[in-house]
Amino acid sequence: MNRRQFIIHSSYSGLLLSTGMFPLMASSSEPEIGRLTILHTNDVHSRIEPFPMDGGKNEGLGGVAKRATLIQRIREEQKNVLLLDAGDIFQGTPYFNFFGGELEMKLMSQLGYDAATIGNHDFDAGVEGLEKQLVHANFPLLVTNYDFSDTAMNGKTRPYKIFRKGGLKIGVFGVGIELSGLVPEKLYRGTVYSDPVAAAQKWAQTLRYEEKCDFVICLSHLGYKYDEQKVSDRVLAQTTSEIDLIIGGHTHTFMKEPERLANKDGKPVLVNQVGWAGIVLGRLDVYFEKNKKGTCVTCKNLLVKPA
Amino acid sequence: MTKYTLAALVHLAVLLTSCSKVNHLADVKPRTYRIEKASYPVDVRIAALIEPYKLQLDKTMNEVVGYCPEELVKGKPSSTLTNWFTDVLLEETQALSDERVDFAVQNYGGIRIPALSKGPVTVGKLYELMPFDNIMFIQKLKGSDVKLLFNRMAESGGWPVSRSVSFKIEYGKAENIKINGVALDTTATYTAAIPDYIANGGDNMTFLTGLPSKNTGVLIRDMLIKNVRDRHARGLQIPVLKEQRITE
């Protein structure tokens, strides 16, 4: 019998939606399967238009107006869609230099982003500059380890948000990178950074046990991995519990598929990141089986790779 | 409590929990979509939202501020593009300062295009050349710090330096350093135009942090735009400076 604690299958082979193959395990009716579609970007860096046709490596790639069509098509096919961003919305094209991030926020709102976290470059016009653009955003900025109490951003972010999609309860929270040494001090002045691992552990626990979320997502701008001793998504994944998925950014890593790691309790956690500049849109279809505790017919035996 | 009632209670507890259903995480299937040039049609509603910003931007970006008589190429240890770039920084910083500025430097990686093409130069091109909002600092360096700075530059094959500087890279060190034609005096104090990125210790120039410095508040990019525009107004093109300030 499957445990609630599952092991991720090493290959993402097809999901067996029918219970016909397991007559002994099947209950009187087929299990009810829920599906959540998570779409995500990171480090879009004000790339509003596609890269210019200048012979560069990325020429013609990306562009918000094309991404909008793609997202709309997916929304037409899928009922339960969450659209998330892992930070560094700002800086990289003159759109940011000229309009301060206003257009970026308006476009993300129009595309129906559900939440984003804050990247280091989102401070490039100062804390005040970021605060000024929030009026153009209809989605929340989620961050658990920046204390903005002494800044213009006081009360303008939240640690997490819960989304209810087709009977599922999804908890999303955010963590940001250490700003000292990365962002000029005068740009983030007053922002107090704290340990992202401790913050993530605390809020993941809250989401799992107090809010009783079925799925816990961490939006992270820590970076995928580092050679030196530095907290990254891989470190976060392996030193915390109760996180199911980390959607990362900062290192501009193009991952072919999410990495599966064991958290500190040996349970699986996925880490994903899709490069930068909106060249790639990531998608994760998450399947849930509604069944008795301890019984899951379609659950994959998820094998966690040793780290 | 008898053995039987305990068993019955356990049984009841099992029954109760098994009645309520929970959502088991069953599977995760990933995929990615690459947004190629001819991948998806443009969403017209989104394009309409972008349009007014784009028009306003294009108006500024397409403005021709000067003329480049031949292609300036970025290279190490010295190149026409880096020579021109740092001379602009020196001239524009000197114009902001009452005291004499001895030299200007720029981190090689901060120059973001491989070449400035021959022909009209637009504001947009200068944004591509220098997309970062780096600000010019005026820093006071002891001669020994100047030696350290140029050694670091030598280690990485030579960085952009203004016309007032010359040295030779020997075994990864800066030798025969001259500033305004005079050999470097390690005990003297020099005044340098240094972008905030480096002045604040970027690119491993940590020894520069904490040295006396003044923030001019002027963006490097704005210095370039102003300089090209001013020369153009005087009927001058962008200068082509071929001398090897740093030799190997």
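Asks: Residues and numbers for the overall build of chain B, please.
Replies: Of the regular secondary structure elements, chain B holds seven helices and 13 strands. Here the C-alpha radius of gyration of chain B, 29 Å, is well above what a compact globule of 248 residues would show, namely 18 Å. In chain B, which comprises 248 residues, the share counted as buried stands at 36%. Taking as baseline every contact in chain B between residues at least 6 positions apart, the subset at least 24 positions apart corresponds to 79%.

Asks: Could you give me a rundown of helix α2 (residues 44–61) of chain B, with the residues and numbers involved?
Replies: If you check α2(B), its first and last C-alpha atoms are 24 Å apart, about what 18 residues at 1.5 Å a residue would give, namely 26 Å. Along its length, α2(B) shows its largest kink, about 35 degrees, at Glu51(B), and proline Pro52(B) lies within four residues downstream of that point. By the burial criterion, the buried members of α2(B) are Ile46(B), Leu49(B), Ile50(B) and Leu57(B). Buried-residue contacts for α2(B) involve α1 (64–77), α2 (94–99) and α3 (102–111) of chain A.

Asks: So what's going on with the sheet that holds strand β5 (residues 160–165) of chain A? Which residues, and what values?
Replies: Adjacent strands of a sheet pair through backbone hydrogen bonds, lying either parallel or antiparallel. All names here are of chain A. Judged by pairing direction, the sheet is mixed, and its six strands sit side by side in the order β5-β6-β8-β9-β11-β10 without closing on themselves. Looking at the sheet topology across the chains shown, the edges are occupied by β5 and β10 (259–262). Going across the sheet, the axis of each strand differs from the next one's by a mean of 25 degrees, ignoring polarity. Bridge count for strand β9 (residues 245–247) against strand β11 (residues 268–272) is three bridges, and the pairing is parallel. Along β11, the bridge assignment pairs Leu245 with Leu270.

Asks: Residues and numbers for the nonpolar core, please.
Replies: Residues and elements named next belong to chain A. By size, the foremost hydrophobic cluster in this structure holds 90 residues, and its most contacted members are Leu84, Val172, Ile217, Leu219, Ile246 and Val286. With six residues, strand β12 (residues 280–292) is the largest single contributor of residues to this core. In contact with Ile246, not counting residues within four places along its chain, are Cys218, Ser220, Asp233, Leu236, Ala237, Val269 and Val271.

Asks: How would you summarise the confidence of the model for chain A if you had to cite specific residues and measurements?
Replies: For chain A, the mean per-residue pLDDT works out to 89, and 88% of the residues sit at or above 70. Throughout residues 1–27 of chain A the model reports pLDDT below 50, and contacts reaching past four residues in sequence, or to other chains, amount to 48 contacts.

Criteria and thresholds
- Residues numbered from 1 in each chain as written.
- Chains lettered and ligands numbered in written order.
- Predicted model: local features only at pLDDT ≥ 70, side-chain atom pairs only at ≥ 80, totals over all residues.
- Helix = DSSP H or I, 4+ residues; strand = E, 2+ residues; numbered from the N terminus.
- Rg over C-alpha atoms; globule rule 2.2 N^0.38 Å.
- Buried ≥ 20, exposed ≤ 12 C-beta atoms within 10 Å, placed from the backbone.
- Contact = placed C-beta atoms within 7 Å.
- Expected span 1.5 Å × (residues − 1).
- Bend = angle between axes of the 7 residues up to and from the residue.
- Pairing = 2+ DSSP bridges.
- Axes fitted to C-alpha atoms, helices over the stretch in contact; angles between N-to-C directions.
- Core = buried A, V, L, I, M, F, W, Y, C linked by C-beta atoms within 7 Å.
- pLDDT = per-residue confidence, 0-100.

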